[in-house]
Amino acid sequence: MRYAYYPGCCDHTSAKEYDISTRAVCKALGIELMEIPDWSCCGSTPGHSTSHLLGIALSARNLALVEEMGLDCTASCAACYQRLAMANVEMKNDTQLCEKINHITGKPYRGGVKVKSILEVIAEMNQSQILAKVVKSLKNLKIAVYYGCLMVRPRDIQIDDPENPTIMDNLLQNLGAQTLEWNYKTECCGAALAMSNEDIVLKLANKILADAKSAGANCIVTACPLCHFNLDMRQKKVNKAYETDYNLPVFYFTQLVGLALGIKPEALCLRDHFIDTKHILKLIV
Amino acid sequence: MSAINLTTIIKDNQDFIKYVSGESGQPVQQCYQCGKCTAGCPVALDMDYSPNSIVRMVQLGLKDEALRSQSIWICAYCSTCTSRCPRNIDIAKIMDCLRGMAKRQGIKLEGRAKDIALFYDSFLNTVKDNGRLYELGMMLNFNLKSKNYLRDADTGLAMFTRGKIKFVPMRNENYKEMALLFKRVKELEDKSK
Ligand code: SF4
Ligand code: SF4
């Protein structure tokens, strides 16, 4: 399996754990990721939030580059996935818009690319192929699997049910983990407001953390750098603001899949988290 | 809001109603004000007008109120409203459309809205210059413009010690194409204003 890979702007910075663990897991599973040459920012929330044309054009430039590669595209970041997938749908559905955008980017895109999130790519693999490579069990993990909003909404691009997705739960269950029933699976963490209005974001994060804890979770798993940063880095701030004492490590799903496949914690960047992961790593046997 | 005469407002603001429906591609007239969008909105309590009120404002042509609201900026684009609306209206897209309009029309922003808009600008400016987001440049620029110089300094430090921040921007090879892309967007938008 071969995909054009869109790592996203945070790949070397705030979300480097996600990029590094994604590449490591894909390599171990025989998924070949070809980084898109010359890729540029997808615009994330600020792009489409302030200009429809800009939001589409920033993503379309990348889709045109993928089309030249003759491959389908996968993105690890949930925000990048949503932006690329939305631009793809809108351009396929509206030829006038497509022409306008191609004029803006100067790179003609003809609509021949499929966009998938890395979660779909891994979850859609033959699970017995994955199981054959598993050397460690996640059975002691009680996971609140957190999807957030970007992969499950809106309808045109959702990878699973918007209210009760299970794609990531199933993948982790196959590796032995217990995944929990909880209420905040797809509730927004407010990441778009994090820099400008942190108080709102702390309030939302507190609700998510509280529900994960009361469901009995010993960790949280995400597939989105924005969710990850919010829940991991801001967890201490939430504790301070709301006098709570959460200590829930937040993993990328690729980090846990990697551990199950026997990849070393260092190679999955498990030492760079804000909430220490050691006590959970000891539970993986 | 003071007393208003809806009959004249609807009549005078047909252009606005049509523009928002067309640009967002949403059948705003189909909203029957059930309030489901607002019920599920994670930030409705921080807004000045609830999401269903914003949709109602568009139906009624209350252009100024909608474009001056804090709500259109506070919306986090989680699309919960969109996926639950029984009338198949993508409210998140309407919010996007109104935000874009407010920006292009140079509406003076205050409060939370002002910082959100500044943040979006700081983000996009680094993309225009480098082709990719330059996180440090964005943070510094945002702090400078919002006059909150030490905002997130603790975060920055914690990120630095984990190698999660880069001092120099990451660029793509043809990053100079990006300024042109931004310029063409602006030209097209100026034309349709
Ligand atoms: S959920 Fe839909 S129909 Fe109900 S108030 Fe909101 S926009 Fe209107
Ligand atoms: S998209 Fe905006 S208005 Fe809709 S539920 Fe989310 S935050 Fe609220």
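Please read these numbers as outputs of a predicted model, since none were measured by experiment.

Asker: Is there a simple way to think about the pairing of strand S7 (residues 219-222) of chain A in this case?
Answerer: The side chains of a regular strand alternate between both faces of the sheet. All names here are of chain A. Of the two faces of S7, the one carrying Cys219 and Val221 and the one carrying Ile220 and Thr222 are both buried. Note: strand S5 (residues 142-145) against S7, three bridges, orientation parallel. Across the sheet, residue Ile143 finds its bridge partner in S7, namely Cys219. Across three bridges, the pairing between S7 and strand S8 (residues 250-252) is parallel. Looking at S8, one finds that Val221 is bridged to Phe251.

Asker: Where do I start with the site of ligand 2 in this structure?
Answerer: Residue and element names in this part refer to chain B. By nearness alone, 13 residues border ligand 2, and Cys41, Cys75, Cys78, Ser79 and Cys81 come closest of all. Those elements that provide at least two residues to the shell around ligand 2 are helix H7 (80-84) and helix H8 (91-104). Its residues assigned to classes, the shell around ligand 2 shows 11 nonpolar, two polar and no charged.

Asker: Teacher, can you tell me more about the sheet that holds S5 of chain A here?
Answerer: Backbone hydrogen bonds are what pair the strands of a sheet, in a parallel or an antiparallel way. All names here are of chain A. The four strands lie next to each other as S6-S5-S7-S8, forming an open sheet whose pairing is parallel. In the strand order of this sheet, the two ends are held by strand S6 (178-179) and S8, each with one partner. Summarising the sheet, S5 and S6 pair through two bridges and their orientation is parallel. In the sheet register, Ile143 faces S6, and the bridge partner there is Thr179.

Asker: Looking at this structure, I do not really get the pattern of salt bridges. What am I missing?
Answerer: A side chain of one charge can pair with a side chain of the opposite charge when the charged atoms of the two come close. Tallied over the full model, the rule gives 23 salt bridges over all chains. Put simply, Arg23 of chain A and Asp19 of chain A hold a salt bridge, and the shortest N to O gap is 3.2 Å. Here Asp19 of chain A and Arg23 of chain A lie together in helix H1 (residues 16-29), a separation of four residues that amounts to about one turn. Through salt bridges with shared partners, a single ionic network connects Asp38, Arg61 and Lys107 of chain A together with Glu177 of chain B.

Asker: Just checking my understanding: could you explain the site of ligand 1 for this structure?
Answerer: Surveying the vicinity of ligand 1 reveals the residues Cys31, Tyr32, Gln33, Cys34, Gly35, Lys36, Cys37, Asn52, Cys85, Pro86, Arg87 and Ile91 of chain B. In terms of residue class, the shell around ligand 1 is built from seven nonpolar, three polar and two charged.

Asker: How should unusual backbone geometry be read in this particular structure?
Answerer: The bulk of non-glycine residues show a negative phi, and the bulk of peptide bonds are trans. Residue Pro154 of chain A is bonded to the preceding Arg153 of chain A through a cis peptide linkage, with omega at -10 degrees. Summarising the element assignment, Pro154 of chain A is placed in the loop between S5 and helix H8 (167-174). Here Glu243 of chain A, not a glycine, exhibits a phi torsion of approximately 50 degrees, which is positive. You can see Glu243 of chain A is positioned in the loop between helix H11 (235-242) and S8. The phi dihedral of Tyr77 of chain B falls on the positive side, at around 55 degrees, and the residue is not glycine. One can find Tyr77 of chain B in the loop between helix H6 (71-74) and H7. Residue classification places Tyr77 of chain B among the buried positions, given a relative accessible area of 3%.

Asker: I would appreciate a short explanation of the packing of aromatic side chains in the present structure.
Answerer: Ring pairs (aromatic) are described by centroid distance and by the angle formed between their planes. Overall, the coordinates contain eight aromatic pairs over all chains when judged by the stated rule. Look at Tyr6 of chain A and Trp39 of chain A: their rings are 5.2 Å apart centre to centre, the planes differ by 65 degrees, and that puts the pair in the edge-to-face class. Of the two residues, Tyr6 of chain A is situated in strand S1 (residues 2-6) and Trp39 of chain A in the loop between strand S2 (32-35) and helix H2 (44-50); the sequence distance between them amounts to 33 residues. Neither Tyr6 of chain A nor Trp39 of chain A differs from the other in exposure class; each is buried. When the centroid spacing of 6.1 Å and the interplanar angle of 55 degrees are considered together, the rings of Tyr146 of chain A and Trp182 of chain A count as tilted. Here Trp182 of chain A lies in the loop between S6 and helix H9 (198-214) and Tyr146 of chain A lies in the loop between S5 and H8, a separation of 36 residues in the sequence. In this structure an aromatic cluster arises from ring pairing among Trp73, Phe119, Tyr120 and Phe123 of chain B. Seen from the ring of Trp39 of chain A, Arg132 of chain B lies directly overhead, with NZ or CZ sitting 3.5 Å from the centre.

Reading guide: rules and limits
Residues numbered from 1 in each chain as written. Chains lettered and ligands numbered in written order. Predicted model: local features only at pLDDT ≥ 70, side-chain atom pairs only at ≥ 80, totals over all residues. Heavy atoms only, no water. Buried < 20%, exposed > 50% of the residue type's maximum accessible area, 1.4 Å probe, protein only. Helix = DSSP H or I, 4+ residues; strand = E, 2+ residues; numbered from the N terminus. Pairing = 2+ DSSP bridges. Near = heavy atom within 4 Å. Nonpolar A, V, L, I, M, F, W, Y, C, P; charged D, E, K, R; others polar. Salt bridge = Lys/Arg side-chain N within 4 Å of Asp/Glu carboxyl O. Phe/Tyr/Trp six-rings, centres within 6.5 Å; stacked < 30°, edge-to-face > 60°. Lys NZ or Arg CZ within 6 Å of the ring centre and 35° of its normal.

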